[in-house]
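Per-entry structural report
Chain by chain, the residues:
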Amino acid sequence: MQARIIIEAAGPLTTVQDRGRTGVMRFGVPPSGPVDRLAFAAAMALTAAPEGWAFEISHGGCTVLCQEGEIGFVLCGGGFLADIDGDTAAAWRQGTLHAGQRLRVRAGAGNWAYLAFAGSHKPPLWLGSSATHGPSGLGGGIVAAGAAFDFANARPLEPYTLAPPPEASSAIAAVLGPQDRHFPAEALAHLAQTSFTASARFDRMGRVLGGPPLVPTSISMPSEPALRGCLQTDGDGSLTVLLADHQTTSGYPKIATVISADIDRLAQLPSGQPFRFELIGAREALLRTRATAAANQAWLNSLAQCASLNESLDERLRASNLIDGFIDANRP
Amino acid sequence: MPPMPAVRPIGETAVLIDFGGGISIATNERVIALDRALAARPPVGMIETVPAYVSLMIVFDPLVTDGEAIAAHALALLDTASSDTRPPREHVIPVRYEAECAPDLAAVAAATGLTREEVIAQHLSGEYRVFMYGFGPGYAYLGGVPPALQLPRKPRAERGHPVGSVIIAGAQCLITTLPMPTGWWVIGHTAQVILDPARAQPFLFDPGDVIRFERVP
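What you see as residue numbers is a count from 1 along each chain, following the sequence as written. In the order they appear in the text, chains get letters beginning with A and ligands get numbers beginning with 1. Reporting of local features is limited, given that this is a predicted model, to residues whose pLDDT is at least 70; pairs of side-chain atoms are given and counted only at 80 or more, and all residues count toward the totals for whole chains, interfaces and linings. With hydrogens and water excluded, all non-hydrogen atoms of the structure serve as input to the side-chain values.

**Details of the sheet that holds strand S8 (residues 93-98) of chain A**
Residue and element names in this part refer to chain A. Which entries qualify depends on this criterion: For two strands to be treated as a pair, DSSP must find at least two bridges joining them. Every helix listed is a DSSP run of H or I at least four residues long, and every strand listed is a run of E at least two residues long, numbered separately from the N terminus. Whether two residues are in contact is decided by their heavy atoms: any pair within 4.5 Å suffices. In this analysis, axes come from line fits to C-alpha atoms, helices being fitted only over the stretch in contact, and the angle between any two N-to-C directions falls in the range 0 to 180 degrees.
Overall, antiparallel pairing links the six strands, which are arranged S2-S3-S10-S5-S8-S12 in an open sheet. Here the strands that pair on one side only, and so sit at the sheet edges, are strand S2 (15-17) and strand S12 (160-161). Against the sheet, helix H1 (residues 37-47) makes contact with S2, strand S3 (54-57), strand S5 (70-76), S8 and strand S10 (113-117), and its axis sits at roughly 15° relative to S10, the strand it touches most.

Take a look at the structure:
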């Protein structure tokens, strides 16, 4: 089955993203890929899209018309809401668009969502990946109104509302360094004890965090490698967390690094929401990341299972017949 | 024996091997040598490495290994790394310095008290080293701008410079690969493509390479 969708409206931060590229940070190319990797993984698990990509959508939302055929979709992340031709909007929504139907996505409390389709479409690759590097637009590309996407092997998905991922604790865990030695003791104390706010100033490169200025003792240092999650300050002490499209090296000191399990949560916090950092050691961070990875995988597995239980009666019967036959043969 | 580098955690997914001190060719050579040694004998779970002026970041999979194991592996390679005496690869990059390719050449001449031809001669006299990449995709920091040409950045970044612009600030020279705004001084243009995704090796330079500029007659 062929299907064609048309992007009728798209906010400025709408891009094509696959899981990102590795191995080229040494040449100045960050991984890119989804800002919220768990929501993206959910969209991938449910659509089983062979090329493994989704539209990343931010506050501007987007409107998609199904011009030909029919195709299943999944919208995940940020509490973003989807309606079809003005029906009751729902977050974490799966369903099918038929020719002539319009899917409208608008922002929820968070900042980033993923819209994936159950079909095959090959977006442009750059350095082996369709992840879009926002500042240059290289990769699958920045998506603008008027763009058309043709999908082969399009298949429908049953209407279904997914269970969002398990709530995590509110503190954002971080490990001191790599340049904490460039900060006075009072800056380190502020980082550990003061409340910060997630600001509305963000893009795919980073998010500015409101709070007391964390002024370094000196900003004269050779540029050093930077990584997603690094908490970087400029000369005035303004704090930014680096995200998917971060610069790969920087001459500004990084006081601490948010652990990978919490980076995407920080990127999704509603603008203006206060939070605190919890400073932990690298060993504790490793244990938490491993525990979170296991919990996330269990959630993804349960999502895929629940969604497939919701498949059409035919498919369920076929699946159960196969299983029954198998069991019958082995345990008469 | 030079001092052992410091090991600094970057969260739970990377470590920074920091050789310390200021920017110098000797220190950068140690960074590049360790980078090569790790490429030849990667520890289990290593994802990628990022060499910089005086430090090397090693990114790893936290589900497979941890920072201590990665750092121990890297430090054990330091002896092997210091015996790497391969000569650097050299590139010759053709540059045009005509006014339409070099909008800031006159300003650089005025700020340094040199004539335009002297600025060009100074730029051509330098031997440049690829210390690291940064700022944007394919932006290689080339150290070695002669002292007479070393100027601070402009107060504001400006748009509209084409890909291939040859730009300088302080001791650094750079060849742009994207039409991104820059506060550096645009003193020339090269037709040599630094970043070409269609090539087997998309990036022309490796950190540690040596660059010379040649004037297009």
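Now, onward.
**Thoughts on the interface of chain A and chain B**
Rules: When two parts are brought into contact, each loses some accessible area as probed by a 1.4 Å sphere; the total of that loss over both is the buried area. By definition here, a salt bridge exists when the distance from a side-chain nitrogen of Lys or Arg to a carboxyl oxygen of Asp or Glu is within 4 Å. Pairing of N or O atoms within 3.5 Å defines a polar contact, subject to two protein rules: one partner must be a possible hydrogen donor and the other a possible acceptor, and residues neighboring in sequence count only if both atoms are side-chain atoms.
Counting from both sides, the interface comprises 41 residues of chain A and, opposite them, 45 residues of chain B. Between chain A and chain B, roughly 3300 Å² of surface is buried when both sides are summed, and carbon and sulfur atoms account for 66% of that area. Of all residues in chain A, the largest losses of buried area upon contact with chain B belong to Arg26(A), Phe27(A) and Pro225(A), amounting jointly to 22% of the total for that side. At the boundary of chain A and chain B, one finds four salt bridges. Where Arg283(A) meets Asp66(B), a salt bridge forms, and the shortest distance between an N and an O atom there is 3.1 Å. Our count for the contact surface shared by chain A and chain B stands at 14 residue pairs in polar contact (both at pLDDT 80 or more). Looking at the side of chain A that touches chain B, the elements that each hand over two or more residues are strand S13 (172-176), strand S16 (224-225), helix H3 (260-268) and helix H4 (282-309) of chain A. No other element matches the seven residues that H4(A) contributes to the side of chain A that touches chain B.

**Remarks on the layout of surface pockets**
To be explicit about the condition: Here a cavity denotes a set of grid points, spaced 1 Å apart and computed over the protein atoms alone, in which a 1.4 Å probe fits but from which it cannot get out, and a pocket denotes an open set meeting protein on both sides within 12 Å along at least five of seven lines; residues with an atom within 4 Å of a point are reported as lining. Grid points are joined across faces, edges and corners, and a volume is the space filled by probe spheres set on the points. Lys, Arg, Asp and Glu make up the charged group, whereas Ala, Val, Leu, Ile, Met, Phe, Trp, Tyr, Cys and Pro make up the nonpolar group; the residues left over, Gly among them, are polar.
When its volume is computed, the second largest pocket comes out at roughly 1600 Å³. Along the walls of the second largest pocket sit 46 residues, with Gln247(A), Gly251(A), Tyr252(A), Phe135(B) and Arg153(B) positioned nearest its centre. Looking at the lining of the second largest pocket, the elements that each hand over two or more residues are strand S14 (195-202), strand S15 (206-210), strand S17 (230-233), strand S18 (239-242) and strand S19 (249-250) of chain A together with strand S8 (165-169) and strand S9 (172-175) of chain B. Sort the elements by how many residues they give to the lining of the second largest pocket and S15(A) lands first, with three residues. Counted by class, the lining of the second largest pocket contains 23 nonpolar, 16 polar and seven charged residues.

**Describing the nonpolar core**
Definition in use: To form a nonpolar core, buried Ala, Val, Leu, Ile, Met, Phe, Trp, Tyr and Cys residues must be joined to one another through side-chain atoms within 4.5 Å. Burial classification: accessible surface area is computed with a 1.4 Å probe over protein chains only, and a residue below 20% of its type maximum counts as buried, one above 50% as exposed, and the rest as partly exposed.
With 44 residues, the main nonpolar core has Leu191(A), Leu231(A), Leu239(A), Ile255(A), Val258(A), Phe275(A) and Phe277(A) as its most contacted residues. Of the residues forming this core, the biggest block, six residues, is contributed by H1(A). Those residues within four positions of Ile255(A) in sequence are excluded, and the remaining contacts are Leu176(A), Gly177(A), Asp180(A), Phe183(A), Ala187(A), Leu188(A), Leu191(A), Leu214(A), Leu231(A) and Leu239(A). Residues Phe27(A), Val29(A), Val145(B) and Trp185(B) belong to the second largest nonpolar core, which totals 35 residues.

**Details of the pattern of salt bridges**
All names here are of chain A. Scanning the model with the defined rule gives 25 salt bridges over all chains in all. Where Glu-8 meets Arg-102, a salt bridge forms, and the shortest distance between an N and an O atom there is 2.5 Å. Remark: Arg-102 occurs in strand S9 (residues 102-106) and Glu-8 occurs in strand S1 (residues 3-10); sequence separation between them is 94 residues. Among the ionic pairs, Arg-37 bridges to Asp-264, the shortest N-O distance being 2.8 Å. One end of the pair, Arg-37, is in helix H1; the other, Asp-264, is in helix H3, and 227 residues separate them in sequence. Taking the relative accessible area as the measure of exposure, Arg-37 reaches 32% and is therefore partly exposed.

**Let's talk about unusual backbone geometry**
Residues Gly177(A) and Pro178(A) are joined by a peptide bond in cis, for which omega reads 15°. In this structure, Ala48(A) takes a positive phi of about 50° despite not being glycine. Mapping Ala48(A) onto the fold places it in the loop between H1 and S3. In this model, Phe135(B) sits at a positive phi of 65°, which is unusual for a non-glycine residue. The topology assignment puts Phe135(B) in the loop between strand S6 (128-133) and strand S7 (140-143). Its relative accessible area of 27% is what places Phe135(B) among the partly exposed residues.

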